[in-house]
Amino acid sequence: GMFRKNEDLTPSQRCLAVRRMPSLLEYLSYNCNFMGILAGPLCSYKDYITFIEGRSYQLQQSEANGKEDTKYEQTDPSPNIAVAQKLLICGLSLLFHMTITKTLPVEYNIDDNFRATASWPVRVFYLYVSLMAARPKYYFAWTLADAINNAAGFGFRGYDKNGVTRWDLISNLRIQQIEFSTSFKMFLDNWNIQTALWLKRVCYERATFSPTIQTFILSAIWHGVYPGYYLTFLTGVLMTLAARAIRNNIRHYFVESPAVKLCYDIVTWMATQVAISYTVVPFVLLSVKPSFTFYSSCYFCLHVASILVLLVFPLKRTEKGSKKHENVQPVWSKKLEEENLLQKNNYSTTNNSFSQKQEITCRYQALKQ
């Protein structure tokens, strides 16, 4: 935000740009604040400093015609309901983890007796339920961290069309969308959301070649040194590219009829859940030997299938430059740029209150997407 021209930034970068060097106190406050010191979630410096300075509640609901509607504007929206709901989810997730998870260990997928006696349908079903049972511990930690931030007043995202407050500015997951994902991308978009956005900003949007591969490798490095992480994310590259190729080439044949689309969604949900479970087994097992034991017992079937899909179906290349930015930030960004250009022509100098209002509106519209 300080060393690049405004027109060289993407719309999302302009909304999050830091125009002033933070002081030492602001820097340490952002990195060491009590709300995120335990388990995050990651938030942008711009959102954090806006909250600290007391400007986060100035978000206003915008109507479709672009005019601001102050009907639901409040000075101090209450997070109590949102915090209570998230604490309830925490309790249920913890209860599930302490009871069901222990009876369905992921390690049982590589048990010699189980592999020798269980049929393929049974093995696939157990693979799915064991990995589903492993997720509640993440639901518990991330939802609790989100609730802590909300209880402190951080995480307010404005109001929906009914005037209900939204406290999901820095939420890290959407459980319903995760469990009912019908595509690999849908799962990833709703899992560890803030880290995924960070990876998108610092790697995917800046990569000059193979952005998907580079982003997955960076994600593996960021997670740590266990070999299982690298096996998971390298497998994830294949799964993501294959899923994208299938979706781009065949999905449009199944969306005309509601009944056909329902069947398509059911099939893709089943395929997505199995593919996700297959991919993340090494992430849980951590070591090389048990991970390869699992994959070899499956004959590397989904690895082979993904490679065949990529050989059969053409994969659209990700275009860089302005076209890519338009894809990342759709229609609203053009309107926003036009409005900013008009305002720049009308006002040669901008006072502080006007600048703050524009920054808040810009960030809210970006998050709304």
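The name given to the chain in an unreviewed UniProt entry is Membrane-bound O-acyltransferase domain-containing protein 2, and the organism recorded there is Apaloderma vittatum. Listed under Subcellular location (unreviewed entry) in UniProt, the entry text for the chain is "Endoplasmic reticulum membrane".

Caption draft 1: Up close: the overall build of the chain. Helix and strand content of the chain: 18 helices and 4 strands. Relative to its full complement of 369 residues, the chain shows a buried share of 40%. Considering only intrachain contacts with a sequence separation of at least 6, the fraction spanning at least 24 residues in the chain is 67%. As displayed, the chain has an accessible area near 21200 Å², and 62% of this comes from carbon and sulfur atoms.

Caption draft 2: Main features of helix α3 (residues 45-52). Burial analysis of α3 places 7 of its 8 residues in the buried class, which makes it a mostly covered element. Positive backbone phi, at 80°, marks G54, one or two positions downstream of α3.

Caption draft 3: Quick peek at helix α15 (residues 301-312). Across its 12 residues, α15 extends 16 Å between first and last C-alpha, which sits within 8% of the 16 Å expected from 1.5 Å per residue. Taken as a whole, α15 has its buried residues at H303, S306 and V309. Along the axis of α15, the buried residues cluster in a sector spanning 125°; they form a single face. For α15, the exposed residues lying more than 90 degrees away from the buried face are L311 and V312. Looking at the packing, one finds that the buried side of α15 touches α12 (227-250), α13 (258-285) and α14 (288-297).

Caption draft 4: Molecular detail of the nonpolar core. By size, the foremost hydrophobic cluster in this structure holds 21 residues, and its most contacted members are L127, I178, W191, Y278, V281 and F294. Among the secondary structure elements, those contributing two or more residues to this core are α6 (120-134), α7 (136-151), α9 (184-189), α13 and α14. Examining the composition of this core, we find that 5 residues originate from one element, α13, more than from any other. Apart from the residues lying within four places of it in its own chain, the contact partners of W191 are R135, Y138, Y139, W142, N172 and I178.

Caption draft 5: Here's a closer look at the packing of aromatic side chains. What the rule picks out here adds up to 26 aromatic pairs. Centroid distance F254 to Y264: 5.2 Å. Interplanar angle 15°. Geometry classified as stacked. Of this pair, F254 sits in the loop between α12 and α13 while Y264 sits in helix α13, placing them 10 residues apart in sequence. With a relative accessible area of 32%, F254 lands in the partly exposed category. Relative to F294, the ring of Y278 lies with its centre 5.9 Å away and its plane at 55°, an arrangement referred to as tilted. In this pair, Y278 is assigned in helix α13 and F294 in helix α14, connecting sequence segments 16 residues apart.

Caption draft 6: Representation of a nonpolar patch on the surface in the model. A contiguous nonpolar surface patch, about 420 Å² in accessible area, is contributed by I213, I217, I221, Y230 and L234. For the nonpolar patch, the secondary structure elements donating two or more residues are α11 (211-223) and α12. For the nonpolar patch, the element with the most residues is α11, which contributes 3 residues. With respect to the helices, strands and loops of the structure, I217 is situated in helix α11. You can call I217 partly exposed: its relative accessible area is 38%.

Caption draft 7: Region of interest: the pattern of salt bridges. Scanning the model with the defined rule gives 8 salt bridges in all. Between K86 and D146 there is a salt bridge whose closest N-O contact spans 2.8 Å. Of the two residues, K86 is situated in helix α4 (residues 80-103) and D146 in helix α7; the sequence distance between them amounts to 60 residues. Across the pair, D146 and K86 agree in class, each one buried. Residue D168 is joined to R157 by a salt bridge in which the shortest nitrogen-to-oxygen separation is 3.3 Å. Linking D168 in the loop between β4 (165-166) and α8 (175-179) with R157 in the loop between α7 and β3 (158-159), this pair joins segments that are 11 residues apart in sequence. Residue classification places D168 among the partly exposed positions, given a relative accessible area of 26%. Overall, the relative accessible area of 8% leaves R157 in the buried class. Sharing partners across several salt bridges, the network here consists of R157, R166 and D168.

What counts, and where the lines are drawn
Residues numbered from 1 in each chain as written. Predicted model: local features only at pLDDT ≥ 70, side-chain atom pairs only at ≥ 80, totals over all residues. Heavy atoms only, no water. UniProt positions renumbered as here; feature names shortened; annotations may be inferred. Helix = DSSP H or I, 4+ residues; strand = E, 2+ residues; numbered from the N terminus. Buried < 20%, exposed > 50% of the residue type's maximum accessible area, 1.4 Å probe, protein only. Contact = heavy atoms within 4.5 Å. Areas by Shrake-Rupley, 256 points an atom, 1.4 Å probe, with all protein chains shown as cover. Expected span 1.5 Å × (residues − 1). Arc of directions from axis to C-beta. Core = buried A, V, L, I, M, F, W, Y, C linked by side-chain atoms within 4.5 Å. Phe/Tyr/Trp six-rings, centres within 6.5 Å; stacked < 30°, edge-to-face > 60°. Patch = residues over 30% accessible without salt bridge, like charges linked within 9 Å, V, L, I, M, F, W, Y side chains within 5 Å. Salt bridge = Lys/Arg side-chain N within 4 Å of Asp/Glu carboxyl O.

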